[in-house]
Amino acid sequence: MPRSASRADVQRLLQEGAQLLEVLPTADYEQGHLALAESLPLKELDEQSASRLDRTRPIIVYCNDTV
Amino acid sequence: MSPRAASRLESLGFEDVWDYTAGKAEWSAFGLPMAGRQVAVVADAMRPDVPSCGLLEPVSVALERMAEAKFPLYGANLRDAGGAPIAGFKDRALLEAGGVRIGRASCSAAYGAPRWVTILTPLPAASWNQVPAPTAPTSPWKSW
């Protein structure tokens with residue numbers, strides 16, 4: 001089960017080399033996103049798009065908030 | 001949305017998946033680094049740890065913290081009960097950094113003001129007249 005990350009967790013995981021993914025639509029990402037984040041919209045998230053991710057490093061996903 | 005993305009990643013075999021549920025809203029509210037078209041870079045340069053006081057703390061606690069502040073306090077429409085400026089507060093200030101002139105001012109709403117504070121309404125015209133029109137930045141905001 002995915003773990004919930006706090007803001008401090010995100011900062012620590014990024015220091016440790018985690019991958020940061022914004023899962024909102026691309027237009028939202030382009031408007032503004034967390035520095036270092038890459039865009040991988042939920043609608044496009046499948047085996048093929050996920051193949052570019054590194055399985056050996058932690059992955060953090062986020063959107064606007066819990067909605 | 002992010003919980004579904006996290007679950008999908010796990011179903012695709014990723015084992016170390018985290019969901020930052022507070023997301024972009026919290027991150028930007030704390031002034032942490034953002035990127036993108038509409039990011040207000042000046043917000044990245046602002047400190048998010050300005051001391052304040054809790055709802056149940058008396059005014060004296062707020063005043064003590066303000067007296068300890070290492071940054072200037074502004075209140076263009078704040079006066080004491082006699083109409084004199086309040087010690088430690090400035091009406092406004094002009095800064096210059098990298099060729100950019102920046103006007104600083106602050107005003108307060110009358111709601112909840114203690115009896116020893118007078119809130120001037122409207123704001124003294126001089127507070128606005130001395131704030132110049134904005135100019136385009138010529139150096140990265142972060143540099144100062």
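To start, this report covers the structure provided alongside it. Not measured: the values here are computed from a predicted model.

A word on the interface of chain A and chain B
So, step 1. Listed by partner, the interface residues are 30 residues for chain A and 31 residues for chain B.
So, step 2. When its residues are assigned to classes, the side of chain A that touches chain B shows 17 nonpolar, six polar and seven charged.
So, step 3. Where strand E1 (residues 3–4) of chain A and strand E1 (residues 17–20) of chain B come together, two bridges link them in parallel fashion. For Arg3 of chain A, the partnering residue across the bridge sits in E1 of chain B and is Trp18 of chain B.

Thoughts on unusual backbone geometry
So, step 1. Despite not being glycine, Leu36 of chain A has its phi angle at roughly 80 degrees, a positive value.
So, step 2. Tracing the backbone through its elements, the reader meets Leu36 of chain A in the loop between strand E3 (33–34) and strand E4 (38–39).

Regarding the environment of Gly88 of chain B
Residues and elements named next belong to chain B.
So, step 1. Inspection of the secondary structure assignment puts Gly88 in the loop between strand E4 (78–80) and strand E5 (89–90).
So, step 2. Taking C-alpha positions, Gly88 is 7.9 Å from Pro72, a pair spaced 16 residues apart along the chain.
So, step 3. Discounting residues that sit within four places of it in the chain, Gly88 has contacts with Met66, Ala67 and Leu73.

Rules behind the numbers
- Residues numbered from 1 in each chain as written.
- Chains lettered and ligands numbered in written order.
- Predicted model: local features only at pLDDT ≥ 70, side-chain atom pairs only at ≥ 80, totals over all residues.
- Contact = placed C-beta atoms within 7 Å.
- Nonpolar A, V, L, I, M, F, W, Y, C, P; charged D, E, K, R; others polar.
- Pairing = 2+ DSSP bridges.
- Helix = DSSP H or I, 4+ residues; strand = E, 2+ residues; numbered from the N terminus.

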